[in-house]
Amino acid sequence: IGSYGSADLVLMETSQNNADRKYDRIARLLTEYSQSRPFGWAANASSVFFGTVPEYGVSGGVLGKIDPATDTVSWILDGDGKGFTEGHSIIGLAADESHLYGTTSLRNGYGIDDTKGQAKVFKMHIASRKIVWEVSPISSAQALYSPAIIGGWLAVADLQGVALLDLES
C-alpha cells in the first residue's frame, strides 16, 4: 500500500491476523524523488508497479517496480528529459506479463502550474524499460484515468468518456 504525504510504500503481511499484523516501509519516495503519493497501481504474476504524483511545487511523477520476492523497489524511472512522461503525473497503470500501460495527468504538485500539452497513454516493455508507444488519444484531456486491458484493447477514461486503444499501436 502507499501513503499520501512522503509517498511511503508499505508492505503489509495479510496472512497475519489483525492483532499481530506486520507493516514495513519499503521506500519513502519523498526524500529522493520529491513525490507526494503513489496514485497508479498495477500487478502481473511477478511484479507490482506504481506511478506517482509529485510533492508540492514539483513537476513530474515517477514510475517504479516492486519485486514481491524480495520486497524491494527494484527500479524507478522519472521524467528526466529522455521522453518519458516529462512533467506528467502517472495516475493509472495496467500490466500484462511483458508490458506496462500507463496514463498521465498534466497536474503537478500543488502550488505549481499544470504542465502544458495533453495527457498521455504509454506502453512500456517491462524487461527493457523502453517506451513502445506514447499517444494522446483525447486532445482536450488534461488527465487520463483507469487504464484497463479488455479483449485486446486498452480502455482509458477522461472526464468526458472512454477511449479504446489498440494494444499494439
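About the cut-offs
- Residues numbered from 1 in each chain as written.
- Predicted model: local features only at pLDDT ≥ 70, side-chain atom pairs only at ≥ 80, totals over all residues.
- Heavy atoms only, no water.
- Helix = DSSP H or I, 4+ residues; strand = E, 2+ residues; numbered from the N terminus.
- Polar contact = N/O pair within 3.5 Å; in protein donor to acceptor, adjacent residues only side chain to side chain.
- Contact = heavy atoms within 4.5 Å.
- Pairing = 2+ DSSP bridges.
- Axes fitted to C-alpha atoms, helices over the stretch in contact; angles between N-to-C directions.
- Salt bridge = Lys/Arg side-chain N within 4 Å of Asp/Glu carboxyl O.
- Core = buried A, V, L, I, M, F, W, Y, C linked by side-chain atoms within 4.5 Å.
- Buried < 20%, exposed > 50% of the residue type's maximum accessible area, 1.4 Å probe, protein only.

Here's the deal with the side chain of Thr115
By the element assignment, Thr115 lies in the loop between β8 (99–105) and β9 (121–125). Within the structure, the side chain of Thr115 is placed 3.2 Å from the side chain of Asn108, a separation counted as a polar contact. With near-sequence residues (within four places) excluded, Thr115 lies in contact with Ser59, Gly87, His88, Leu106 and Asn108.

Re the sheet that holds strand β3 (residues 35–43)
On the basis of which strands lie adjacent, the open sheet formed by 4 strands has the order β3-β4-β5-β6 and antiparallel pairing. This sheet does not close on itself; its edge strands, each paired only once, are β3 and β6 (72–78). Going across the sheet, the axis of each strand differs from the next one's by a mean of 25 degrees, ignoring polarity. Here strand β5 (residues 62–67) runs beside β6; their pairing, made up of 6 bridges, is antiparallel. Bridge pairing in β6 places Leu63 opposite Leu77.

Quick notes on the pattern of salt bridges
Taken as a whole and judged by the stated rule, the model has 4 salt bridges. For the salt bridge of Arg28 with Asp8, the shortest nitrogen-to-oxygen distance reads 2.7 Å. One end of the pair, Arg28, is in strand β2 (residues 23–28); the other, Asp8, is in strand β1 (residues 8–12), with 20 residues separating them in the sequence. Linked through salt bridges whose partners overlap, the residues forming this network are Asp8, Arg25 and Arg28.

Considering the nonpolar core
By size, the foremost hydrophobic cluster in this structure holds 13 residues, and its most contacted members are Tyr101, Val121, Trp133, Leu144, Leu154, Val156 and Leu165. Looking at this core, the elements with two or more residues in it are β12 (153–157) and β13 (162–166). In contact with Leu154, other than residues within four places in its own chain, are Tyr101, Val121, Trp133, Pro147, Ala148, Ile149, Ala163, Leu164, Leu165 and Leu167. Core analysis: the second largest hydrophobic core is formed by 12 residues, Phe49, Leu77, Leu93 and Ala95 among them.

Considering the sheet that holds β12
In spatial order, the strands read β11-β12-β13; together these 3 strands make up an open sheet with antiparallel pairing. The sheet is open, and its two edges are formed by β11 (145–150) and β13, each paired on a single side. Sheet twist, expressed as the mean angle between neighbouring strand axes with direction ignored, is 20 degrees. As judged from the 4 bridges shared by β11 and β12, these two strands associate in the antiparallel manner. Along β12, the bridge assignment pairs Tyr145 with Ala157.

Side note on the pairing of strand β10 (residues 130–135)
The pairing of β9 with β10 spans 5 bridges and is classified as antiparallel. Bridge assignment links Met124 to a residue of β10, and that residue is Ile131. The turn joining β9 and β10, which pair antiparallel and follow one another in sequence, is formed by 4 residues; a positive phi near 60 degrees is taken by Arg129.

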